[in-house]
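Coordinates in review
For reference, the chains in residue letters:
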Amino acid sequence: MRLLLLFGLSGAAGLIYQVVWVRELGIYFGSSVQAAALVTALFMLGLGVGSRVAGDWADRRFADRPAWPLRAYAVSELSIAGLALLSALVLPRLAPSFNQWAQYVVGPDGWHHLSVSSAVGRYLIGTVLLLPITFLMGGTLTLLIRHRVRELGAHAGREIAALYGINTFGAAVGCLLTDLWLVPTVGLFGTQLVAVGTNVLAGLGALFLPAPPASTVDVHPPAETSATPRSLWIMGAVLATTGFISMGLEILWFRHLSSLLGSRRIVFSVLLALILLSLWLGTRLAARLLARGLTSAVAYAGLQAIFVVATVAGLYGVGGADLVQAELDLRSKVAVADSWTWWWVGLELTLTPMVLMVVVPSIAMGASFPLANAAAQRSLALVGRRAGTLYLFNSVGGAAGSLATGLLLLPVLGLQRSALLLLSGSCVSAAILLATAGRDEDRRAPLPPKVWLSTLGPALAAALLFAALPADSLWRRTIPQRAAEERVLAAQEGVNETIVISESTDGARRLITNGYSMSGTKFSGQRYMRLFAHLPLLTHKAPERGLVICFGVGNTLHAASLHGLRELDLVDLSEDILRLAGHFSATHHGIIDDPSVRVFVNDGRQHLRMLGEQHYDFITAEPPPLRNAGVAALYSVEFYQEVKRALRPGGWFTHWLPIYQLTEPMARSAVATFLTVFPEAVLLSGDREELILVGVKDGPVQLELSQVEAHLAARPLVAQDLVGIEASQLVELVGTFAGGPNTLRAATQGAPLITDDRPIMEYETASFAPRRRIPPELFSAAELPSFCPACVDASGTPLLPELGGYLTVMRAVYTSDDFLERIAPPDPDLRAQRRPFRLEVDPQVEAAIQRSPYLQRLTGRRRAEAPTP
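This report concerns the structure included in the present document. Note that the structure is predicted; figures quoted are calculated from it, not measured. Sequence positions are assigned chain by chain, starting from 1 and proceeding in written order. pLDDT decides what is reported in this predicted model: residues at 70 or higher carry local features, side-chain atom pairs at 80 or more are listed and counted, and totals for whole chains, interfaces and linings draw on all residues regardless. The side-chain values count all of the structure's non-hydrogen atoms but skip hydrogen atoms and water molecules.

1. Some thoughts on the packing of helix α6 (residues 230–261) against helix α7 (residues 265–291)
For helices, the axis comes from a line fit to the C-alpha atoms of the stretch in contact; other axes are also lines fit to C-alpha atoms, and the angle between any two N-to-C directions lies between 0 and 180 degrees. Runs of H or I in DSSP of at least four residues are treated as helices and runs of E of at least two as strands, each being numbered from the N terminus. Between α6 and α7, the shortest axis-to-axis distance is 10 Å and the interhelical angle comes to 140 degrees. In this view, α6 runs oblique relative to α7, as classed from their interaxial angle. Relative to α7, α6 is oriented so that their crossing is right-handed. Note on element contacts: α7 touches α6 through Val 267, Phe 268, Leu 271, Leu 272 and Ile 275, opposite Glu 250, Trp 253, Phe 254, Leu 257, Ser 258 and Leu 261. The classification used treats Ala, Val, Leu, Ile, Met, Phe, Trp, Tyr, Cys and Pro as nonpolar, Asp, Glu, Lys and Arg as charged, and all other residues, Gly among them, as polar. Broken down by class, the residue content of the contact of α6 with α7 amounts to 9 nonpolar, 1 polar and 1 charged. Throughout this description, any angle smaller than 35 degrees is read as roughly parallel, any larger than 145 degrees as roughly antiparallel, any in the 65 to 115 degree range as roughly perpendicular, and the remainder as oblique. Note on convention: the crossing is left-handed when the near helix lies turned anticlockwise from the far helix by less than a right angle, right-handed when the turn is clockwise. Residue contacts follow a heavy-atom distance rule, with two residues in contact if any of their heavy atoms lie within 4.5 Å.

If you want it as structure tokens, here you go:
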């Protein structure tokens, strides 16, 4: 029992490493599917090869030294701890040197892609650091199998199920602890130290276990065992197929559920933990089946059939509309609650569709390895070697399934047809097992037809039903409810995301990725996205080079192109989004194909590291929604430092802050983090709560009216574009000011910072709460004279016509609950408590409203439209 407990701790440490490695490689080498696929493939291959080598070694030494496998296990755990600690120390220091020699090559499309040598170098670094650790991890299983298995048949299957199961259970616990407690509490490095300590505990604990008794049976390898039996090859091939299918389905589940539930960190961690827990239940099921004397091959085939039926039911049985209704029902029962209550609410909303989709198929997957061992183990002398061989087959299949599904099947076939192909493979593997189950080494008779019918019949029926569904059934169920009523113009399932482009009845278009409305051409999006570029470039004296991070629908890039920059670069990780940009050409006017724009297909942070220091006069970034996993890396201290290094002296940086997506404490942290690197930063309002953080390298943020007027006179296209977003007047540009550096510092004093090591933005406990409040202390016009010295005289009296009335309207907006609070529709009691927008209209305010189309929109004097700049 003590050994099982130690092996469970080992499993927890292994998953902690895997989760942290995926995140660190994303930070240092670029956040992409390729980074996750690299870690998964290395993890699986290392486990498989290590298992085979260790199993063979243990068999050769067990006959004369029965204590050696246990001692070797202890040494392996201690070695894993040492190598993992070395990796945690080396990787953050090695990554910057890699980025210095990484290079771009220009593809046939004219875009800049990472060179093959850069990609190989990235994978080589990951391989050198991680493969030795996973090799040792893989060996721990077969060492303990060799240590514990003393009989063949059902006994061997049950012992292997116990070891495999407890390790998997520990992995599930480690996965949950990593994202729900360890990383938010002690950070990524501290989390790795916890895993290192866990490995040390497992190793030292194994060293002090008593030596095993001598075997009562002959475990010396007989001469005739050099030939691999037919059953081992059959089960190995089936396990490889099962591994391929299982890992492929896991990737499809992750993609589908992230589209339904959002790409939040809790979705990934809970889904992986749930799959692992279900695998553990599968090992327990296998042990029970073997105890009852059921033929392992028949049981394996039957579980494959259950896997197919349950997968079809889960994929098609959970839809977006069902989840929306479930969320509304749950929120209506819990109107006002503390953050921990809402954490549990969010967990329930996340867990319910996952349980329906993955539990039963994962249980069937979990039983495969013990059942395969029960069928293939024929010699006590070769228990370790054969267990290692089967694990190697399974791991190689899993690694291939991960890479093939993520990088080939999804982009080529899409989610639904990829799932159909994988499920067809399960049916084929079940048929092979049934065909060979009655013809093993004893040459028994074939299985009767009723076994075939009862096993394969339901699986084939489910697969045929799935094949008969329309090809767009699954991705259409992930479209947001409002967008589902719009006309779909294009849909594409790519490597990184599923993309849908829709058009509403008023002609406005939106970009939906993985079920989330990311960007669009409606007025609000046009205004704040274009101001990202217009505000800094209007006042910069001589901008030559600019960088736009994230394309969206091209609003910001097009606005920047109007300012006559000598070089304008765009960097975006999604090549698929860039290729669908033509659907938004009515608003970005084909800017993606403009020869003056250089397009880089890369992670934004990696691009900045590759270019070195003082490269750009202007950088702007509009990352994906803040709740998405990995987005905290674009709001961290380290990211802002990289931006600052890439700016020339006096260079401007504008950054999107959708503050309504954050809780009040996290909103303070986001602003405090920005101030740490840009201490003279200001907060602007692009359109109501669509806020913009603005920083200047080594200087204050100032809007020079004379420079703005000269620029507008020289660039009529810029002036025309500002008319389209209702920001053509100087008072409308100055009126975007929401708060100065002293105001922001006072409002965020003591707030924890977002760092790469502590990405606290991803762990908001109230992210599902129906009530969120923006910190009102962030907003004050007291520092407007510093932002726009020419706007007021020495006494503070506004010099711009209607500026006083404009600021009065904006102050009323910033202090109203309509602006400060976001309340979900099911909470009328909370809505009744709000302080609505109220404005006392005096002649000064009335004059400002009459002069400004934007104020007329804010005060409800005119209806929202969708202008086309």
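Anyway, onward from the coordinates.
2. Looking at the sheet that holds strand β3 (residues 487–493)
In short, DSSP must find at least two bridges between two strands for them to pair. Strand order in this open sheet of 4 strands is β3-β4-β5-β6, and the pairing throughout is antiparallel. The sheet terminates laterally at β3 and β6 (516–520), the two strands that pair on one side only. Taking the axes of each pair of neighbouring strands and ignoring which way they run, one obtains an average angle of 25 degrees across the sheet. Where β3 lies against strand β4 (residues 498–503), 6 bridges are found, and the strand directions are antiparallel. From the neighbouring strand, Gln 492 faces β4, where its bridge partner is Ile 499.

3. Concerning the packing of aromatic side chains
Here a Phe, Tyr or Trp ring, Trp counted by its six-membered ring, pairs with any other such ring whose centre lies within 6.5 Å, and the pair is stacked when the planes are under 30 degrees apart, edge-to-face when over 60, and tilted otherwise. Applying the stated criterion across every chain, the model contains 21 aromatic pairs. The interplanar angle of 25 degrees and the centroid separation of 6.0 Å between the aromatic rings of Phe 254 and Phe 268 together place this pair among those described as stacked. Within this pair, whereas Phe 254 is found in helix α6, its partner Phe 268 is found in helix α7, the two being separated by 14 residues in sequence. Using a 1.4 Å probe on the protein chains alone, a residue whose accessible area is under 20% of its type maximum counts as buried, one over 50% counts as exposed, and one in between counts as partly exposed. Judged by relative accessible area, which is 27%, Phe 268 ranks as partly exposed. Where Phe 653 meets Phe 674, the ring centres are 5.9 Å apart and the plane angle is 20 degrees; that geometry is what we call stacked. Here Phe 674 lies in helix α22 (residues 664–677) and Phe 653 lies in strand β11 (residues 647–658), a separation of 21 residues in the sequence. An aromatic cluster is built from Phe 639, Tyr 640, Phe 653, Phe 674 and Phe 678, whose rings are joined through pairwise contacts. Geometrically, a charge over a ring is one whose NZ (Lys) or CZ (Arg) sits within 6 Å of the ring centre while staying within 35 degrees of the ring normal. One residue, Lys 644, lies across the ring of Phe 678, its end atom 5.8 Å from the ring centre. A cation sits over an aromatic face here: Arg 857 above Phe 523, 3.8 Å from the ring centre.

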